[in-house]
Amino acid sequence: APTVAAPSTPPASAPSPQTGSDGRRAAAAGDSTIRVDVGLLDRIMNTVGELVLARNQILQFTLNIEDANLQAASQRLNLIASELQEGVMKTRMQPIAMVFGMMPRLVRDLAHDTGKQIRLEIEGAETELDRTLIEAIKDPLTHIVRNSCDHGVEAPEVRERRGKAAEGRLLLRAYHEGGHVIIEMADDGGGIDPARVRAKAVERGLVAAEQAARMSDRDAQQLIFLPGFSTAEKVTGISGRGVGMDVVKTNIDRIGGAIDLVSQAGKGTTVKLKIPLTLAIIPGLVVHSGGERFVIPQVSLLELVRLEGEACRTRIERVHAAPVYRRRGTLLPLVYLNRILGLASPQEPPVVNIIVLQAEEKAFGLVVDDIHDTQEIVVKPLGKQLKALPCYSGATIMGDGRVSLILDVLGVAQQAGLIGSVPEAGAGETEGAAEAVSDRQTLLLFRAAGLPQAAVPLSLVARLEEFPRGRVEGSGRRQVVQYRDRILPLVSLAGLLGDDAAGEPEADPLPVIVFTEGGASVGLIVEEILDVVEEEVRIRDNTRRPGVLGAAIVAGKVTDFLDLRVVLASGGMGGGGHQGGGWRFCWPSPRRSSAR
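For every chain, the first residue of its written sequence is number 1, and the numbers climb from 1 along that sequence. With pLDDT at 70 or above as the cut-off, local features in this predicted model cover only qualifying residues; side-chain atom pairs require 80 or more to be listed or tallied, and sums for whole chains, interfaces and linings still use all residues. The basis for every side-chain value is the complete set of heavy atoms in the structure, and neither hydrogens nor water enter the calculation.

Draft legend 1. Summary view of the overall build of the chain. Secondary structure counts use DSSP, requiring at least four H or I residues in a row for a helix and at least two E residues in a row for a strand, with both numbered from the N terminus. Looking only at helices and strands, the chain has 17 helices and 30 strands in total. Any residue under 20% of the maximum accessible area for its type is buried, any over 50% is exposed, and the rest in between are partly exposed; the area is computed with a 1.4 Å probe on protein chains only. Across the 596 residues of the chain, 43% fall into the buried class. Residue pairs in contact within the chain that sit at least 24 positions apart in sequence constitute 66% of those at least 6 positions apart. Contact criterion: two residues are considered in contact whenever any of their non-hydrogen atoms come within 4.5 Å of each other.

Written out as structure tokens, the structure is:
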């Protein structure tokens, strides 16, 4: 019988040369990675933190001992501990793609449920973040994406009517910036309508109607972070429960991050999250104040200013409850740490140390008694007895073994009244209760054009300048001056108020208040800068005089409040730029009934 020879095949145990090469590469790749229990990594990180504390103690101890061998050994220990710390922290870093990878399916499902066409674009998924922070941002980021799909991107037919492509676009990207990871979520949808947000906030009793009417468009958009706020007309599986952006803000604040929102009606919304790289070991500035030692996270530090001798009295204007420092032509509000924390303060310190900090995009100066060097500190959580204190974010053990509290920069600014949240109002507020809403403002007081005392909001003042009369020139019918490589129009308050008898100020140089926003500037000529005060005002209605919004009692004197729209119009800026991202006016609404 004929036989059929089967094709010869190599045994399974003898792979071909090519297969063997692939197998070796796969084996090598497998040998280069191992699985490690997360709990073990956390314990190693805690041990490294204790090592860093011991290193700090040894370094401080060796500063007072003149022994070359001991100094060399301590520096060697410092180098090794730093390298070990960096290596262990890298083991905890994970790409943010672990969170971003969940978003395409989420967007696809939401687009299907809402009947919209949405394209998601992702950038920077390889950006690395601490593992604990990866878990912390998962829920906030999901809320933001859901809001963009439900409230941001319009339905295809609506987009086509507005001249847009039927398919909406979401951009999710992450990148490193200044010791932080920035996560941006941007859409090209309809944006946030400030008028609708105000109406919903008033309807839900979150703010008083009078307060909402005084808000700028940007401030009104920030109302979406209030608990219980929602613009959804009905409750669905996606939105309408009033739980969303307030949860996002709470979770981001809890991990020491910040959230910012920028929206343009009809063009879209961008939400930016600013997340610290790690919460375990951070660089901090050590300061002394009131006999106590504190640590300030270095990520919030802008610069250090030291004033000595006569400069302590001349460079700081002590203006009642609102001291300011003239920093490169701008007014920097000052906060005295001893006063905020109730510590003892020296009567006339020979040196004033100002730490310029940034909280929520606002700069302020923190005055302390003494400033030491920076250190790598290990952040320890506060006990339940101290967690409710707004000025502290944690504690650390210093080189001498003593415990020092870590200051919360945002909490200090809020405690000082420099940054405040929108006050909540009960749903059953009466009109009388609404009248009691705080209208406390920081005001710049000055004298000009026959007005014994006039005021403008300090928040709108860019700079206080003095121009020699010889620099003032004429351009058409206006006075101008060359200012920072531009032509700055000058507005005379006497001409603005139609009081020719008052005449021009005779001072030389001329005191000028400069208002700047949106790239345009205008200077208001005054006779004298009087003061900066913070008071609660109620403006009495006074529409008989052009350029004056009304009057109230400030610092014990009747004070006229300027209508800045008229000032801008006189400076050739139209006076209408306050709508939608231009000039923002924060005067209380004029009232006919009372004045403070």
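Draft legend 2. Inspection of the sheet that holds strand β7 (residues 268–276) at higher detail. Pairing between strands is defined by DSSP: at least two bridges between them are needed. Here five strands make up an open sheet; going across it, the order is β2-β4-β5-β7-β6 and the pairing mixed. Taken across any chain shown, the strands that pair with only one partner, and hence form the sheet edges, are β2 (118–123) and β6 (258–264). Strand-to-strand twist of the sheet, defined as the mean angle between neighbouring strand axes without regard to direction, takes the value 15°. Pairing between strand β5 (residues 180–187) and β7: eight bridges, direction antiparallel. Bridge pairing links valine 181 to isoleucine 275 in β7. Helix α5 (residues 103–114) rests against β2 and β4 (168–177) of the sheet, and its axis sits at about 165° to β2. Helix axes use the C-alpha atoms of the stretch in contact, all axes being lines fitted to C-alpha atoms, and the angles between their N-to-C directions lie in the range 0 to 180 degrees. Each of β6 and β7 is contacted by helix α11 (residues 245–254), which is oriented at about 145° to β6, the strand it contacts most.

Draft legend 3. Local environment of the environment of valine 566. Position of valine 566 relative to the elements: it lies in helix α17 (residues 564–570). Owing to a relative accessible area of 28%, valine 566 belongs among the partly exposed residues under this scheme. Sequence-wise, valine 566 and glycine 547 are 19 residues apart; in three dimensions their C-alpha atoms are separated by 5.6 Å. Every residue in contact with valine 566, bar those within four places of it in the chain, is listed here: Leu496 and Gly547.

Draft legend 4. Examining the pairing of β4 more closely. Both β2 and β4 contribute to a ladder of six bridges, which runs parallel. Bridged to isoleucine 122 within β4 is leucine 172. In terms of strand pairing, β4 meets β5 through eight bridges, oriented antiparallel. Bridge assignment links leucine 172 to a residue of β5, and that residue is methionine 185.

Draft legend 5. Representation of the nonpolar core within the structure. The biggest cluster of nonpolar side chains holds 45 residues, and the ones touching the most others in it are Ile137, Leu141, Ile183, Ile224, Leu273 and Ile275. It is helix α6 (residues 131–152) that provides the largest number of residues to this core, a total of seven residues. Core analysis: the next-biggest nonpolar cluster, separate from the first, contains 27 residues, Ala322, Ala454, Val456 and Val461 among them. In this description, a nonpolar core means a group of buried Ala, Val, Leu, Ile, Met, Phe, Trp, Tyr and Cys residues linked to one another through side-chain atoms lying within 4.5 Å.

Draft legend 6. The confidence of the model for the chain, seen in detail. Mean pLDDT over the chain: 76, with 76% of residues reaching 70 or higher. Scored from 0 to 100, pLDDT reflects the predictor's confidence in each residue. Ranking the elements of the chain by mean pLDDT puts helix α15 (residues 431–435) last, at 31, and β2 first, at 92. In the predicted structure, residues 234–243 sits below a pLDDT of 50 and forms 20 contacts with residues beyond four places in sequence or in another chain.

Draft legend 7. Highlighting the packing of α5 against α6. Their axes nearest at 10 Å, the elements α5 and α6 cross at an angle of 30°. Put simply, α5 runs roughly parallel to α6. Helix-helix and strand crossings are classified by hand; for α5 and α6 the assignment is right-handed. Taken together, the residues of α6 that come into contact with α5 (itself represented by Met103, Leu106, Val107, Leu110 and Thr114) are Leu141, Thr142, Val145, Arg146, Cys149 and Asp150. Polarity classes work like this: nonpolar for Ala, Val, Leu, Ile, Met, Phe, Trp, Tyr, Cys and Pro, charged for Asp, Glu, Lys and Arg, and polar for all others, with Gly in that last group. Split by residue class, the contact of α5 with α6 holds seven nonpolar, two polar and two charged. In these notes the angle categories are as follows: under 35 degrees is roughly parallel, over 145 is roughly antiparallel, 65 to 115 is roughly perpendicular, and the rest is oblique. Should the near helix be turned anticlockwise from the far one by less than a right angle, the crossing is termed left-handed; should it be turned clockwise, right-handed.

Draft legend 8. Structural detail: the packing of aromatic side chains. Classification of ring pairs rests on two measures: the distance between centres of Phe, Tyr or Trp rings, Trp counted by its six-membered ring, which must be within 6.5 Å, and the angle between planes, read as stacked under 30 degrees, edge-to-face over 60 and tilted in between. Going through the model one piece at a time under the given rule, you end up with zero aromatic pairs. The cationic tip of arginine 339 hangs over the ring face of tyrosine 336; the distance from NZ or CZ to the ring centre is 4.2 Å. Charge over a ring is defined by NZ of Lys or CZ of Arg lying within 6 Å of the ring centre and within 35 degrees of the ring normal.

Draft legend 9. Spatial organisation of the pattern of salt bridges. Any Lys or Arg side-chain nitrogen found within 4 Å of a carboxyl oxygen on Asp or Glu counts as a salt bridge. This structure, assessed with the given rule, holds 19 salt bridges. Here lysine 164 makes a salt bridge to glutamate 154, at a shortest N to O gap of 3.0 Å. Taken as a pair, lysine 164 in the loop between α7 (156–161) and β4 and glutamate 154 in the loop between α6 and α7 lie far apart in primary sequence, ten residues in all. Under the relative-accessibility criterion, glutamate 154 is labelled buried at 8%. Where glutamate 184 meets arginine 173, a salt bridge forms, and the shortest distance between an N and an O atom there is 3.0 Å. Taken as a pair, glutamate 184 in strand β5 and arginine 173 in strand β4 lie far apart in primary sequence, eleven residues in all. Owing to a relative accessible area of 12%, glutamate 184 belongs among the buried residues under this scheme. In the salt-bridge network here, residues are joined through shared partners; they are Glu154, Arg159, Arg162, Lys164 and Asp188.

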